[in-house]
Every structure is written in C-alpha cells, then in structure tokens.
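# Descriptive analysis of the structure
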There are 2 protein chains.
Amino acid sequence: MSGEDAPAQQQNAEEQKQQTQDTKTPAESPKTESKPDPPPTSESTEAAAAADAPAAEKAPEEDTFSYRALVLTGYGGYDKVKLQVKKGKPVLKSGEVMVRVKMCGLNFADLMARQGLYDRFPSPPVTPGMECSGIIEAVGEDVTDRKVGDKVLVLNRSGLWQEVVVVPATNTFLMPEGMSFEEAAALPVNYITAYMMLFDFGNLRPNQSVLIHMAAGGVGIAATQLCKTVNDVTVYGTASASKHEVISQGGVTHPIDYRTRDYVEEIRKISPKGLDIVLDPLGGSDTNKGYNLLKPMGKLISYGAANMLSGQKKNLFAVAKTWYQQFSVHTLSLIQGNRSVCGFHLGYLDTETELIAQAMTTILDLHRQGKIKPRIDSTYHLEQVGDAMRRMQERNNIGKIILTTEPMKEEEKKEEVKKDEDKKKDDKKKDDKKKEDKKKEEAKKEEKKKEEPKKEEPKKEEPKKEEPKKAEEKEEAKKEEN
Amino acid sequence: MSGEDAPAQQQNAEEQKQQTQDTKTPAESPKTESKPDPPPTSESTEAAAAADAPAAEKAPEEDTFSYRALVLTGYGGYDKVKLQVKKGKPVLKSGEVMVRVKMCGLNFADLMARQGLYDRFPSPPVTPGMECSGIIEAVGEDVTDRKVGDKVLVLNRSGLWQEVVVVPATNTFLMPEGMSFEEAAALPVNYITAYMMLFDFGNLRPNQSVLIHMAAGGVGIAATQLCKTVNDVTVYGTASASKHEVISQGGVTHPIDYRTRDYVEEIRKISPKGLDIVLDPLGGSDTNKGYNLLKPMGKLISYGAANMLSGQKKNLFAVAKTWYQQFSVHTLSLIQGNRSVCGFHLGYLDTETELIAQAMTTILDLHRQGKIKPRIDSTYHLEQVGDAMRRMQERNNIGKIILTTEPMKEEEKKEEVKKDEDKKKDDKKKDDKKKEDKKKEEAKKEEKKKEEPKKEEPKKEEPKKEEPKKAEEKEEAKKEEN
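What counts as what
Residues numbered from 1 in each chain as written. Chains lettered and ligands numbered in written order. Predicted model: local features only at pLDDT ≥ 70, side-chain atom pairs only at ≥ 80, totals over all residues. Heavy atoms only, no water. Contact = heavy atoms within 4.5 Å. Buried area = accessible area lost by both parts, 1.4 Å probe. Salt bridge = Lys/Arg side-chain N within 4 Å of Asp/Glu carboxyl O. Polar contact = N/O pair within 3.5 Å; in protein donor to acceptor, adjacent residues only side chain to side chain. Helix = DSSP H or I, 4+ residues; strand = E, 2+ residues; numbered from the N terminus. Nonpolar A, V, L, I, M, F, W, Y, C, P; charged D, E, K, R; others polar. Pairing = 2+ DSSP bridges. Buried < 20%, exposed > 50% of the residue type's maximum accessible area, 1.4 Å probe, protein only. Lys, Arg positive; Asp, Glu negative; His and termini not counted. Domains from an automatic or database assignment.

Moving on to the interface of chain A and chain B. Tallying the contact residues gives 39 residues for chain A and 39 residues for chain B. For the chain A and chain B pair, buried surface summed over both sides reaches about 3500 Å², with 58% attributable to carbon and sulfur atoms. Summed over the three residues of chain A that lose the most area to chain B, namely Met297, Thr331 and Ile335 of chain A, the buried surface amounts to 18% of that side. Linking Arg205 of chain B and Asp200 of chain A is a salt bridge whose minimum nitrogen-to-oxygen distance equals 3.2 Å. Our enumeration of links across chain A and chain B arrives at 16 residue pairs in polar contact (both at pLDDT 80 or more). Those elements giving two or more residues to the side of chain A that touches chain B turn out to be helix H6 (188–201), strand S13 (294–302), strand S14 (328–330), helix H12 (331–337) and strand S15 (340–343) of chain A. Classifying every residue of the side of chain A that touches chain B gives 18 nonpolar, 14 polar and seven charged. Relative to strand S15 (residues 340–343) of chain B, S15 of chain A runs antiparallel, the two being bridged by three bridges.

Our next topic: helix H7 (residues 218–227) of chain B. Residues and elements named next belong to chain B. For H7, a buried count of 10 out of 10 residues is recorded, marking the element as mostly surrounded by other parts of the structure. Looking only at H7, the buried set comprises Gly218, Val219, Gly220, Ile221, Ala222, Ala223, Thr224, Gln225, Leu226 and Cys227. Those residues of H7 that are buried are in contact with helix H6 (188–201), strand S9 (209–212), strand S10 (234–238), helix H8 (244–250), strand S12 (275–280) and helix H13 (353–368).

Scanning the model with the defined rule gives 34 salt bridges over all chains in all. One salt bridge in this structure joins Lys400 of chain B and Glu131 of chain B, with 2.6 Å as the shortest N-O distance. Taken together, the residues Lys400 of chain B in strand S17 (residues 400–404) and Glu131 of chain B in strand S5 (residues 131–139) connect sequence positions 269 residues apart. For Lys400 of chain B, a relative accessible area of 4% gives the class buried. Classification of Glu131 of chain B as buried rests on a relative accessible area of 0%. Residue Arg157 of chain B pairs with Asp350 of chain B through a salt bridge whose shortest N-O separation is 2.6 Å. Of this pair, Arg157 of chain B sits in the loop between strand S6 (151–155) and strand S7 (164–168) while Asp350 of chain B sits in the loop between S15 and H13, and the two are 193 residues apart along the sequence. We classify Arg157 of chain B as partly exposed; its relative accessible area is 26%. A network of salt bridges, in which partner residues are shared, links Arg68, Glu163 and Glu383 of chain A.

Looking at the element boundaries, Asn338 of chain B is found in the loop between helix H12 (331–337) and S15. Discounting chain neighbours no more than four positions away, the residues touching Asn338 of chain B are Phe201, Gly343, Phe344, His345, Tyr348 and Leu349 of chain A together with Lys295, Pro296, Met297 and Gly298 of chain B. In terms of polar contacts, Asn338 of chain B uses its side chain to reach the backbone amide nitrogen of His345 of chain A, at 2.7 Å.

In this section: the side chain of Asp110 of chain B. Residues and elements named next belong to chain B. Tracing the sequence through the fold places Asp110 in helix H4 (residues 108–114). This buried residue, Asp110, is left without a salt bridge; Lys400 holds the nearest opposite charge, at 7.1 Å. With residues up to four places along the chain from it excluded, the contact list for Asp110 reads Gly105, Pro128, Gly129, Met130 and Trp161.

Attention now moves to the domain arrangement of chain A. Residue and element names in this part refer to chain A. By the assigned domains, chain A splits into domain 1 (64–186 + 374–426) and domain 2 (188–373). Placing the centre of domain 1 and that of domain 2 at their C-alpha centroids yields a distance of 26 Å. On the domain 2 side, the residues contacting the 40 residues of domain 1 number 40 residues. Together domain 1 and domain 2 conceal approximately 3300 Å² of surface at their shared face, both sides included; 63% is due to carbon and sulfur atoms. Linking domain 1 with domain 2 are two salt bridges, by the criterion used here. A salt bridge links Lys373 to Glu183; the nearest nitrogen and oxygen atoms lie 2.4 Å apart.

What follows is the structure in structure tokens.
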C-alpha cells in the first residue's frame, strides 16, 4: 500500500531520521504514487482488487480525493504506526458504505497487532483499528437501510484508523439520539466483548459473583456496568490503587490492588467458596489462578493474553513465558470440578454478523435506558497515536482511549514536538538510571558473594536466567534489520 | 459392613459357589453380626460413627428391624452386586429422615462404580444407588418440612438401592400429585443433569442446535424433552436404528445411527456451520469430534466417559484408550474458536444443595405442566439387578431402567433360575463360538502368510497389539486375588 507521510509526522526531525533508517524494510520502500490507493475494505484482498480496477470505472474526482490514515508499517514499537496520506476515491461495491470517520477506539488487539502477536490481523503495511464512529458519505448498490448523512458506529476486523473507510453496511449501526461520536467509538468492541462473555458464555444471573481483571480498562468498565444491570451481582475488580475510587463509583464491589496484594487470597477471604465467573484478559499463570477460584458450575472466560505485552516491542521472553504458562485443561478435570472454560475474541467472530447485531441492539437499548455509558479516558489526535498506545499499554488509562480525526492545531503541534523531546530526554534519564541501578545491584551481589560463600550455589543460576533476554535482544535486532 | 445374603440369591447354586471363592477378599470376609448395621447416610464416615454409637441410644425394636439391600461387595462384573439382609433400625440424626423405598433409578455412574471407575463412590462393601422414590417413615429432630407419610423422591451420593434409607431431609423432594413412584425414581439424576447442562452451561436459546449422544438413554430422553421446552431447537440424536422411531416421537429432529454412519458427516450435511451445543457422555475421541462440530459461541459439555465401559469387568484397554484419547484443550484454541468446554457430573455437585433444589423445583414444575415425562424402559426386582445393569451397559434400553423393592413372587424366582441357567448356557455357547472364530481366523492368517510372504512384515505387529489385553487380564487376576 503506497502513501506519503503527512506533514505532522515530518515535523519531528528525530522521527524522520528513524524513518530513513526504516526504509530498508520493503514494507516502507516508496512505491509509484500514480496508482491511487483506496481505503482498505473488510478484506484486504478485496482492497487490492479494487486498486487494480481499470481507471475508467473510477469517479472523476478520484485523483483529487485524499485523506489521512494511520498505517502500521512493520511490527515493532509505537513509532511503527505512521500517519500517511492516501489518495484516490474508492469505488463502492454492492452492499458497502463509505464513512467519514470522526472518532476511533483503541483496543488491546491493536497493540498486539503492532507487535505481530495477533494472527487475525493482515500483514503490514495495513491500517489498524477495529471500531470507529462517523457519518455516511456514500452508499453502494443494494444498501437500503443506510443513507448519506446517517451517523453510525462501525465495527470491522481492521482498517478503521483513517479519515475515510469503506465497509459492508452490515458492519455499521445507527447511533442513537444524544450519543456523542466519542461514546459511539468507545462502544462496539468493549461492550460486545463484555456482553457476549457475561450473558452468552457466562449466563450471569442474580446473586452471582464476577472477577474482572483490569477493571479500569475499556472492557473492565463495560463489564462492570453490564454486571450492574443484573440484581445483586458482586464484582471483584483488579486495578492499581489510584484507580479504586473511580471503579468503585462505577460499580466494583471489591477493588483489589493486584500490585500490592495477592488477589486470590483477597477473594478467598470474602468469598471462601469461590466465584461464579472469572473474566481473564491476562493469560499465562493468571488463567490457572482464575480456574482455581471457580465454584461448582463456575465459568472461566479467557479473552486475551495481555501478559504477553511487556514493553513496546515484542518481548519474546514475556511471550514465551505466557505461552508456556498458558492454561490447558482436561475434560476429566472439568467434570470433577463441574466447571467451564471458554475463550472469546471478537476478532475471530467477525463472520457472525447476526450474533453481533443482536448483541449490539441490546447494548444500544441499555444505553438508551441510561444503564450503560462508556467512560472516555482521553482523546488523542491521529498524530499522537504513539502516546495513546503507550498510555494503554502502561495501563495508565481509566476507561476508553479515543483517537480523533480532527487535525491538530499548529500551536498544539509545536507543543507536541517539545513534549516529545522532553520525553526522549526523560527516557534517556530513565535508561541511565536503570543502568546505574543495575551496576549498583551487581556490585551488591559481588559483595554478598564475598560475604556468604556458602550460599554461592543457587546464585550460579542467575546468569542462566539472563540468557533468554539476550537471545530476545538478538531476535529483536534481527527484526530491525529485515 | 456386615449382612447376609437374601434367600433369593441363594437359590442359584452356581452363584453361591462363586461367593465362596470370593470370600478371599477382605471386603467380603464374614463379620460379627451382633453389631447392627444402619443404612448408609450421605457420608459413610457418619454411618460408621452411628454404628459405633452406644446401644442405649438405640430403639428397642432395633434388633428385629431388618431390610433387604443391594451391596457392591467388590469391583468387578454384574455378580459383584449382591442382595443381602441388613439388621437393626437406624437412629436418625438431626435433620435426617428415614424413607421406605419403593423404586430406585439405575445410572451409568453405578456401572462405573461397580468397575471401580468412579472415584466419588465409597469403597466396597457399599450400597450403590443415587436416586429413589418412597414414603417417609420417620423424621429426625429439626426436620419441619417433611412428615411421616410424605411421598418423596431422593437424591444421594450413593446408598439408595435398599428397602430403607436414611438421608438428610434436604436430599428429598416432595412428589407432585399424580406422579408414580417409577417416574419419581427416574427423574432426579437424568433430569437435573440434562437441565444443568442445557440451561446453565449451555444457555440454550430458541433456534439453536444440540447434539445428544445416546439419545435413547435416560439423560438423552430427558435432554430431548427439555430441548423441546425451547422454541425451534434442532436436536440431533445418536442411537441404533431400532430406536429411531421412539426418539423421533420424543422430539429428536435428526436421529443418526452411529453404528452404520459417521455422525460428524451426517451433521455437517445438514448443518454445515456446526452446532451450538454438544452433550458428550462418551469421552475419548468423541469429545474431540464434538469440539470440532461447534460453531462460534458453541458449547461442548462433557459429562461422562461411557467409552471406558467395555464388557462387564473393568477393561483396562478400553480405560487406557479412553484416557489416552481424552480431550484436553488450550485456552488459545478456545479463544480462536470462540468456544466453551464444560464438564458436568451430578455426583461431584452433591454439596450444592441450593443449586440442585432450584433445578429440581423447575423440573417438577415442567412435569406438572406436562412438558416433561420420564420414559420407563423396564422395571426389575432387586434380585434381578445383574440383568438390569447388563441391559443398560449393552445399551438395549430406551429410557430409564428401574429397580423395584417389591419382592419377587415364588414362581417368578423359579423362572429366573431357569433363565439364568439358559443365559449361562448361552454365554458358554457364545464363548465357544468366539474361540472357534478365533481359531478359524488364525488358521486363515496362517494360510495368508503362506500365500503372501512379501506382506509378512506388518503382520508381525499383530501379537504386539494383543499385549495390552494380556496385561489387563493379569491385572484383573491380581484384583480378584486381593
């Protein structure tokens, strides 16, 4: 997919330099710009086919039509998602609509995709984004239930982080009166995920108990609100202490600071018999803990492997550890415990349009009744997507992170550059501090070794533990070279 | 547990001889009969404690009080369940009731227990039986909601195949007007199992599709009827062809003869996208087949390992094969398929009295409304328990097999002896035929070997395949000696 970087991106001299280095990767090598590049549709193969369509079929305004798009140019850190300009007005196929995007939602799957950890995502270069809100700008043939000017929320496998998108009309849902574009972009992925887990697999009923990990995240807040639509449901929610006030107000009965407490112990103190439902976005050893917390007829619903995300680039050590510890269960264990283990991921459910439409209808109804309301954590410009992703990955958000397609003002841009430079200085300071700490630690170890020669043996293992990290660095280096 | 064989048992000279041989096992060595033996309560440790209680606490009629009971005397074939006479009236503890049993239900778990394959079952000697119906004959202290004369159905971990049982009042449920004792004994295990699977784990809703294996069995018929309480549910049911008419009338939409057809292929022809719910009582490789038949958001509910049952004694080869092929699943596979795998066994749910009471209330309501009705396959006297178990294990039943405590009439007994002798002759004939067939087969092989010397190599493997069987025979022999 061709495209040039938007001016906003070029203001950052440091970043530009980085890009030049990156051009070694074929994904980013410049391509002929004479062939206009339409926005990706639900299937990237279709998009490619559309790009190859004869020029005669294209509208006359096509050559002047352009729009900004975020593009994942290769797997890696935050800077791999670049703002580019795409040219050419797409030709709509039967059943499709074109949407002028207002707001986009950020999801964990987008972070996994950037690191190359999400197999459902097309290969780079590709535009990320599973949800957005906007206004219909054109409708294709055979679309009878949408018209130009309709405000819609959109759900798609990928490709929605851009100003213009083309999707099947069945992937759009009419926004109810009084819903903001921000709310509409925050709704689809988190609320459908929480809804299907709690009410289809979980079969949530009055008086039951639910554990919600990352209770201050997008799915966490959606799940808490949906739990509260059922009578007398006890919600355990894990989040760092600074977020407890907000999640308590949102409906979490027992907030638990997973950083300072063992959440299993805390839950057992209050509910010795265990829980009815555990929602598990973490994977790895946490799935096993969740399984052991289930009471008879309890359901564990695994919907991610956030534990695999450690640092901005793929951390092979974290991935391997999470994979190695990933939960596997034997039916005889399930029978003896009267338990259920479920897996959910909306990204693998995209062909089930009817199921999704049913869930969406119920969710929009609940919104109309005032029973649910997305909590917006923060809104970033497309230019700031790196900061947005960092905020999510470092789990600093409470609620949904939104990207707006509204262009950044000039003075904001200048501020951004300054912030960026400060951040880099800050990062360097952090790095220096880490190095210093490491040196100090090593010095301490050396001293200890001298002091306690008897306990020397277990310490011999230390270098072994470091090995995977080194291997991983090498792997990363290789990737950068490719 | 002491006890003497009931007269009915002694009529069979062959069986008596067998018993004499069996006395080598400590389980069956004669014990002092002066210490009366109360019927087992819900926990065998409690029963033991009661047996050791001082004589002063016992009622005066205790010594003359006696009743017939089926007792599993050791793991093995059908003849390991013997009819004995227990003596002594039990003293009720607080919260308990004594029930004069009319009818008992036969379940797969009883067959597994007899072969030593059900770890939830107390060690022999012990009275099997998880469900029965009868009339309350005495109530202990603090029992306010049951009175002498109440007709009840009873659910217990074991111990119900006898004329008198003592259980916690909470394990009894009042029989509704117009329900027969046979129906009442057929209801608890099969209907609670089917109900919890379909409506708790399965979350069955209109327009969904369900696969029911062994659709002519007790759970199969219960599940079919419960599916029909929901609109437009499509039921696939496996059973041998001779049972298709009955199960179709009972509500199975697509009966499949698993003996002559590949059920996976048959289902894919009609429902290419797969199924919403698979109920799996078989285990082994069938669990994997069921898992692959699930559509997105589909639920596989495993509730047994009937494939382990092969022949009347524990078949280590069948057990090992089923165990080896037993399904195990990784959460990442569940996530990518949006699937759920659940395990259910009522025997492991016996502490969840509230959950069971809720299910039972709904089931009795549905019975009152005429929406469900147990189908009785056949009723056997306690003396005929071997025949009853054989009928179930050989899957000749359509519906529930019931044991009645009503004593056999003299002329029936004489007929039984004749039948028994005929059966033994028949068994001998079958054995002789098998031996002859084997000889013929071996002779054929020998001939083939001579004819096709080139293809000799793969045939060398044949003796290897036989090895597990020999090992298993040795294992069996060891067990018999203990």
